[in-house]
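These are the residues of each chain, in order.
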Amino acid sequence: MEDFRRIYLRLCKEGGVEPQEGVVAQLQESRSAQGSRLDLSGQSLSADTCSVLAKAFHKDTVFTEVSLSDCMLSEEGFYLIAQCLCVLRLCFYCSQGNNLRSSGAEVLGQLLAQNKTLRRLVLEWNALGVWDEAFSLFCSGLVSNCALTQLDLRNNQINHHGASALALALKRNSTLEVLDLRWNNIGLLGGRSMLEALQNNKSIVQLEMAGNNIPSDTLKALEQATGHNSDRRSTLRESRSRTQVLSKEIQTLKEEKGRQVTSHSRTADTTGQPFTSKKHFSQRSDQKSTTCLNTGLLILPALAPPMTEAALALSEQKNQNMGELLSRLKAEKEEQREQHSKARKKEHEVQSDGSFTFQWCKSQQQLIFELKQELTTSTAELKLRLAQAEDRLESEKRRSKQALDDMDGLRQKEVEHINRHLEESERALQDRIFKLEGQRIQLEEELSKAKAAFVAERAQAEEELGRVRAQVRLEEQEHASSLEEKLRSVRSSLQEVQLHCSQQKQTISELQAKNSQQSIEMDGLRRRIEELQQELCCKDQEKVAEVSRVRVELQEQIGHLQAERTAQGALKEKISALERELKVLSSNHREALLDKESEMSSMLEKLRLKEAEIHRIREDEANRASYLQSAVLSYIHGSPLGHHSSLQK
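Note that the structure is predicted; figures quoted are calculated from it, not measured.

Asks: Explain the sheet that holds strand β4 (residues 120–122) here, please?
Replies: Strands belonging to one sheet form pairs held by backbone hydrogen bonds; the direction of such a pair is parallel or antiparallel. The strand order β1-β2-β3-β4-β5-β6-β7 describes an open sheet built from seven strands, whose pairing is parallel. The two strands at the open ends of the sheet, each matched to only one other strand, are β1 (37–39) and β7 (206–208). Across the sheet, the mean angle separating the axes of adjacent strands is 5° when strand polarity is ignored. Both strand β3 (residues 92–94) and β4 contribute to a ladder of three bridges, which runs parallel.

Asks: How should the side chain of T117 be read in this particular structure?
Replies: With respect to the helices, strands and loops of the structure, T117 is situated in the loop between α5 (102–114) and β4. Those residues in contact with T117 that sit more than four places away from it in its chain are L88, R89, L90, C91 and A147.

Asks: Explain a nonpolar patch on the surface here, please?
Replies: A grouping of L628, V632, L633, Y635 and I636 is seen on the molecular surface, where their side chains present a nonpolar patch of about 480 Å² in accessible area. Accessibility expressed as a relative area gives 41% for I636, which makes it partly exposed.

Asks: Honestly, the state of the cysteines in this entry has me stumped. Any pointers?
Replies: Such a bond, covalent and formed between the sulfur atoms of two cysteines, is termed a disulfide. Following the criterion strictly, the structure yields zero disulfides and no others. Here C71 is not cross-linked by a disulfide; its sulfur's nearest cysteine counterpart is in C50, at 7.9 Å. Residue class for C71 comes out buried when judged on its relative accessible area of 0%.

Asks: Help me understand the packing of helix α4 (residues 75–85) against α5, please; the structure alone is not making it clear to me.
Replies: When two helices pack together, their arrangement is given by the angle between their axes and by how far apart the axes lie. Where α4 contacts α5, the axes come no closer than 9 Å and their chain directions differ by 5°. By the angle between their axes, α4 is roughly parallel relative to α5. Facing E75, F78, Y79, A82, Q83 and L85 of α4, the residues of α5 in contact are S103, G104, V107, L108, Q110 and L111. Residues belonging to the contact of α4 with α5 are distributed by class as follows: seven nonpolar, four polar and one charged.

Asks: Quick question: what am I supposed to make of the confidence of the model for the protein chain here?
Replies: Detailed reading of the predicted coordinates is not advisable wherever pLDDT is low. Of the residues in the protein chain, 83% reach a pLDDT of 70 or more, and the chain-wide mean stands at 79. Mean pLDDT values over the elements of the protein chain span from 43, in helix α10 (residues 278–303), up to 95, in strand β6 (residues 178–180). Note that residues 272–308 has pLDDT below 50 and, in this model, 68 contacts with residues that lie over four places away or in other chains.

Asks: I'm lost on unusual backbone geometry in this one. Help?
Replies: Negative phi is the rule for most residues except glycine; trans is the rule for most peptide bonds. With a phi angle near 55°, N99 is a residue other than glycine that sits in the positive phi range. Structurally, N99 can be placed in the loop between β3 and α5. For N99, a relative accessible area of 46% translates into the label partly exposed. Positive phi is not limited to glycine here, since N155 has a value of about 55°. Along the chain, N155 falls in the loop between β5 (150–152) and α7 (160–172).

Asks: Any chance you could explain the pattern of salt bridges here in plain terms?
Replies: Any two side chains of opposite charge can pair, on the condition that their charged atoms come close. Summed over all chains, the structure comprises 15 salt bridges. In this structure, the salt-bridge partner of E14 is R10, at a minimum N-O distance of 3.2 Å. With E14 and R10 both in helix α1 (residues 2–15) and four residues apart, this pair spans about one turn of that helix. On the accessibility criterion, E14 (55% relative accessible area) is exposed. R154 is paired through a salt bridge with D152; the nearest N and O atoms lie 2.7 Å apart. In this structure, R154 and D152 share a single accessibility class: buried. Here the residues in one salt-bridge network are E124, D152, R154, D180 and R182, joined through shared partners.

Reading guide: rules and limits
Residues numbered from 1 in each chain as written. Predicted model: local features only at pLDDT ≥ 70, side-chain atom pairs only at ≥ 80, totals over all residues. Heavy atoms only, no water. Pairing = 2+ DSSP bridges. Helix = DSSP H or I, 4+ residues; strand = E, 2+ residues; numbered from the N terminus. Axes fitted to C-alpha atoms, helices over the stretch in contact; angles between N-to-C directions. Contact = heavy atoms within 4.5 Å. Patch = residues over 30% accessible without salt bridge, like charges linked within 9 Å, V, L, I, M, F, W, Y side chains within 5 Å. Areas by Shrake-Rupley, 256 points an atom, 1.4 Å probe, with all protein chains shown as cover. Salt bridge = Lys/Arg side-chain N within 4 Å of Asp/Glu carboxyl O. Buried < 20%, exposed > 50% of the residue type's maximum accessible area, 1.4 Å probe, protein only. Disulfide = S-S within 2.5 Å. Parallel < 35°, antiparallel > 145°, perpendicular 65-115°, else oblique. Nonpolar A, V, L, I, M, F, W, Y, C, P; charged D, E, K, R; others polar. pLDDT = per-residue confidence, 0-100.

In structure tokens, the structure reads:
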């Protein structure tokens, strides 16, 4: 991560680009976290920064997860970053809220077609479905991708045409498991296309389609199809795990039985005594043959392609039968071990007694010879049954191959049908395009006529506007001269009012100074009260100390009790005197506070009167100015010049 940050800073310096502080800070945080995730969400990356990041990605491919949510990427910047992400070994990529459109959809299609390690792709809050052709390129990239398992396309303005293209891609994609299409505009036709795609796609186990104006019955059908796929996947997973476990168990049983047979044959050859009976050995050989046959039957469903539910049910039934067979084989194995231990005990007893004769040894050797013959016959039968099982396996393989060929033929027919349908739709679209071109030409002609009429009307309007502007300028000049005269008179009156206001402000400042002095005096009184309270607390503490001392002396000397009581009485009198003084001081302080409050109220009343007087003076000045204006106007109208101008009018 530190190397990537250094590369980014070096490339910014070489290209003359100012490094963005948010990007550098995020790289620093990622370096401290020691992870392979790059999160640049909400950084507002410019085109120059995107080009530098693309070069840095080419030189250092340490990231497996990249998030560029809400980065306000331009089309050029996103193209540069996506081109370099095609060669990275990404597992997760997020480009949420970047308003990606046609070019973004094409670049994402290239990313899906070239990147073989991407597992999860989040493209929420974009506009990939606005242009149908660009979204079809994105879907073609999804078809060629064989690694993506999760795709988020929420809020991308995908209509029913985009849903149809996505459905065609899903029919040919076999790795995508989770698809989120919430809050688009797919509609009824798009929902039916997705339902038809799920009839052929068996890998989608989770499909979110809320907020798409799809009927409830179609949504239920889609949920049932995805649920069927998930059940099928879990069943296949369980059957495969059981098959592996059972094959391992059978292999171990085979090895153990082989070791037991060899060990028993060796002990029989060395001791000259049989280890079991003829019937038991034949039963073991039959069990061994049935185990091999069942093993062959178990391998058949594993080799055959899981095409239908019947094949799945058959594999489950065979797995259950093999489990029961294994339990029986384990029980018989325990019985064989017990019998073998008993035979060994008898053998030791016989060897200790030493009372058997040579004739009995011959009979035992004859029995061993017969058992060996039976062993050869049983092995021959076992080989025969294995050959039969292999024949069955070959027949099943041929049958499955024939089924696969039939399915390929059906798929080719469907592809041809879809191609014919696409050709017909293309011809219809071309006809529609020709019609729209004709309409566009007509609209352009009408637009040119409208533009010519608009230009003529605009010229007339500009001429009228010029005349009106000249008249307005003259009127404005006359009005401005009259307003300047009024402004001079108002300025003179304003100066008088400002002088009066300055005097009032001086009086107010004096009152405020007095008020501040009174507040200082009040603070001094408050500090005095606090000092008295502290003295009172000290007296209380002295009282408590005196009482404790009196108690100690009372315990030590009982005779001095009366003297101490008199001293305590004297202290109480002092405390009462101090309390009386405190009450007197508090009453004096309250009276002083009341006096100050009355003075403040009187000051506020004076201020209110002064403000009322100032308001009255302003009204008098306004009335005086209006009287002056009316007098000036009457004078102008009464003068000979005004009379002459009125006659001219």
